[in-house]
Amino acid sequence: MWAFQSPKTTLLPSHATFLPRPSLKSPICSITLNPTASTADNNKLIQSLCKQGNLTQALELLSHEPNPAQHTYELLILSCTRQNSLLDAQRVHRHLLENGFDQDPFLATKLINMYSFFDSIDNARKVFDKTRSRTIYVYNALFRALSLAGHGEEVLNMYRRMNSIGSPSDRFTYTYVLKACVASECFVSLLNKGKEIHAHILRHGYDGYVHIMTTLVDMYAKFGCVSNASCVFNQMPVKNVVSWSAMIACYAKNGKAFEALELFRELMLETQDLCPNSVTMVSVLQACAALAALEQGRLIHGYILRKGLDSILPVISALVTMYARCGKLELGQRVFDQMDKRDVVSWNSLISSYGVHGFGKKAIGIFEEMIYNGVEPSPISFVSVLGACSHAGLVDEGKMLFKSMHVAHGICPSVEHYACMVDLLGRANRLEEAAKIIENMRIEPGPKVWGSLLGSCRIHCNVELAERASIRLFDLEPTNAGNYVLLADIYAEAGMWDGVKRVKKLLEARGLQKVPGRSWIEVKRKIYSFVSVDEVNPRMEQLHALLVKLSMELKEEGYVPQTKVVLYDLKAAEKERIVLGHSEKLAVAFGLINSSKGGVIRITKSLRLCEDCHSFTKFISKFANKEILVRDVNRFHHFRDGVCSCGDYW
DNA sequence: TTAGGGTTAG
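What you are looking at is a predicted structure, and each value in this text was computed from that prediction instead of being measured.

What chain A contains, in helices and strands, is 32 helices and eight strands. Based on the C-alpha atoms only, the size of chain A along its principal axes is roughly 105 × 55 × 55 Å. Burial analysis of chain A (650 residues in total) assigns 51% to the buried set. Carbon together with sulfur atoms contributes 53% to the accessible area of chain A, which is approximately 31600 Å² in total. A distance of 2 Å separates the average location of the 75 positive side-chain charges in chain A from that of its 65 negative side-chain charges.

Shown next as structure tokens:
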């Protein structure tokens, strides 16, 4: 047996004593061997080298030791992942096979976890396949690895086989299998699988485990099934801060920002023993950003400072986004400037913030500054910067960036990137070029890409291309009412009333309804919401009266109502009455009544701002001498003195 | 031996 004596003997533990024998020099790492050391000594030495992080010497010693212990391999595997060295990991694996440990289920579990860490899923699978004694740990490790790698269906198939051979699941299995349901593209079929597993959990009495139930809340959240998620959450016998955070995140991510803030309020008021943490705060900030609830966001920022959560990177990135999305770009920039360290997500937050405010060149500048600072762009960096180009009409710059993605940064364009390019070209009325991009795509264009094209067709009223995109969209997303409405809008603008009727019939036949646009405004920390067809809102009469008065006055100043988007073949006066009731005009009127002199009116809209509201708000900003900030579904419009920051390009 | 929620875009 041979042991190595490290030159840094002071680092070694007391058991690593060396006999006074003539020593040999290792050619590789200049450490001295002790030929009399026992296997036990060698194992101890390798283990201590691993614990010290000295993987090179541990491996060198391993190559001379034919009888390493199970625990030695365990520490070596851990050390390889800590040092992020796949090559060393494979060396350990080979050694382990040569020494007859290939059927050890404990080490198989460790190896599967190790290969999962290195994203080497084929190797993880091979280890599982070769292990005959498949304990629940081995199964769980593979389920975890496959779920993380996005192979959800494979996990579910194996889970079925596992059940059929009578191999029992444990509480860990359920969490991994639930995760598998959302680790796949085939959402519809796997939602049903998730529901089946939910039933298994109830049947086998696992519904008291907080981890499993929280994973279940998260699974329903990721499928967009908010009511199922809240049902599970409400029935949980024990909830902790993670369960609350999962439910708040569910609301924040699924367009229920009001509910997210309300649940956070409940957490603060009704649970004395639970303290929100950084993860909770990120979702709460997202909800504030979605509602443009600046005052609430400021309060949350104060809470974050008091709790010392202001140095956590995801929290700061969410703060940057919150301020920018509440119209306070300069505050977002200030938070970013004060960061001690930044990661790619922080940079992406700032890039997209400038993007939604229409500062395309500035967004490109930040993107370049990020690279100059040694931060490699991520796929989302490109989505952000291409989006910024699109809002600002920077077509050539966007095309260059798109090209550089693969050439300079080795990132293959995904569906999201193609959707950005289609949007960029489409908005700039280069629709044929946009269609050409889709034709030449190397991957299957999904609904996002066709949706971008249809959106651009709506802006430039291109009936022929819109029909082409719609055929694909109605097939890919048969229940998305928004696509039908866009096509109907295009027909209406083109005066093709038969087409409008046809699409409306299709919408009805599929049991779908047009989702009305909604606008919000925050006044004295309270959020007021408006929809155009709101008969129960007690303020409606007063707001309508004000809008009629304003409309008459503005017409004298040159305002001409744009009624071409009304989906009915009606007389001009009737169409005018309909567009005057749009939700953002109601919010503007409410803001005029309730804002202080010199105060900015901030409005958020759930859809794209319509042309009439855009023109109306420009006039109001001039003749009421008001600064109005409207965030629509895509970007900001900053109205001041009769002009909009988008330059009428949106 | 293994587990749950979050960051940026669309």
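Take the UniProt feature "repeat: PPR" (unreviewed entry) in chain A next. Here the UniProt feature "repeat: PPR" (unreviewed entry) sits at residues 135-169, 240-270 and 343-377. For residues 240-270, helix accounts for 87% and strand for 0%, while the C-alpha atoms at its two ends are 13 Å apart. From the first C-alpha to the last, residues 343-377 spans 10 Å; its make-up is 74% helix and 0% strand.

Around DNA strand B lies a shell of 46 residues, among which Tyr176, Asn240, Ser245, Gln286 and Asn348 are the nearest. Backbone atoms, meaning sugar and phosphate, form 45% of the atoms of DNA strand B found within 4 Å of the protein. A distance of 2.6 Å is found between a phosphate oxygen of DNA strand B and a side-chain nitrogen or oxygen belonging to lysine 179. Within the contact set of DNA strand B, a base nitrogen lies 3.3 Å away from a side-chain nitrogen or oxygen of serine 278. The element that contributes the greatest number of residues to the surface near DNA strand B is helix 13 (residues 241-253), accounting for seven residues. Broken down by class, the residue content of the surface near DNA strand B amounts to 16 nonpolar, 19 polar and 11 charged.

A separate point is the pairing of strand 6 (residues 628-631). Of the two faces of strand 6, the one lined by Ile628 and Val630 and the one lined by Leu629 and Arg631 are each fully buried. Across four bridges, strand 5 (residues 601-605) lies against strand 6 in parallel orientation. Note that in strand 6 the partner of threonine 604 across the bridge is arginine 631. In the classification by handedness, the crossover that spans strand 5, the intervening helix 32 (residues 611-623) and the parallel strand 6 is right-handed. Hairpin remark: strand 6 followed by strand 7 (residues 636-640), antiparallel, with four residues in the connecting loop.

Right, let's talk about helix 14 (residues 257-270) for a bit. Helix length check: helix 14 (14 residues) gives 20 Å between terminal C-alpha atoms against 20 Å at 1.5 Å per residue, within 8%. Among the residues of helix 14, Ala257, Ala260, Leu261, Leu263, Phe264 and Leu267 are the ones counted as buried. The arc enclosing the buried residues of helix 14, seen along the axis, measures out at 160 degrees, which places them on a common side. Structural note: helix 14 exposes Leu269 and Glu270 on the side pointing more than 90 degrees away from its buried face. Looking at the buried positions of helix 14, the neighbouring elements they touch are helix 12 (226-235), helix 13, helix 15 (278-291) and helix 16 (294-306).

Attention now goes to unusual backbone geometry. A positive phi angle is found at alanine 292, which is not glycine, with a value near 55 degrees. Relative to the helices and strands, alanine 292 resides in the loop between helix 15 and helix 16. A positive phi angle is found at cysteine 461, which is not glycine, with a value near 50 degrees. On the secondary structure map, cysteine 461 appears in the loop between helix 25 (447-460) and helix 26 (463-476).

With that settled, the discussion passes to the UniProt feature "domain: DYW" (unreviewed entry) in chain A. The UniProt entry lists residues 558-650 under the feature "domain: DYW" (unreviewed entry), expressed in the numbering used here. Helix makes up 37% of residues 558-650 and strand 17%, whereas the separation of the span's terminal C-alpha atoms amounts to 22 Å.

On to the pattern of salt bridges. One pass over the structure, following the stated rule, counts 21 salt bridges. Between glutamate 493 and arginine 458 there is a salt bridge, and its shortest N-O distance comes to 2.9 Å. Highlighted residues: glutamate 493 in helix 27 (residues 481-493) and arginine 458 in helix 25, separated in sequence by 35 residues. Note that glutamate 627 and arginine 640 form a salt bridge whose closest N and O atoms lie 3.9 Å from each other. Residue glutamate 627 is found in the loop between helix 32 and strand 6, and its partner arginine 640 is found in strand 7; the two are separated by 13 residues along the sequence. Among the charged side chains, a salt-bridge network with shared partners connects Asp122, Arg125 and Glu154.

Criteria and cut-off values
Residues numbered from 1 in each chain as written. Chains lettered and ligands numbered in written order. Predicted model: local features only at pLDDT ≥ 70, side-chain atom pairs only at ≥ 80, totals over all residues. Heavy atoms only, no water. Helix = DSSP H or I, 4+ residues; strand = E, 2+ residues; numbered from the N terminus. Buried < 20%, exposed > 50% of the residue type's maximum accessible area, 1.4 Å probe, protein only. Areas by Shrake-Rupley, 256 points an atom, 1.4 Å probe, with all protein chains shown as cover. Lys, Arg positive; Asp, Glu negative; His and termini not counted. Charge placed at Lys NZ, Arg CZ, Asp CG, Glu CD. UniProt positions renumbered as here; feature names shortened; annotations may be inferred. Near = heavy atom within 4 Å. Polar contact = N/O pair within 3.5 Å; in protein donor to acceptor, adjacent residues only side chain to side chain. Nonpolar A, V, L, I, M, F, W, Y, C, P; charged D, E, K, R; others polar. Pairing = 2+ DSSP bridges. Right-handed = clockwise from strand over helix to strand, strands pointing away. Expected span 1.5 Å × (residues − 1). Arc of directions from axis to C-beta. Contact = heavy atoms within 4.5 Å. Salt bridge = Lys/Arg side-chain N within 4 Å of Asp/Glu carboxyl O.

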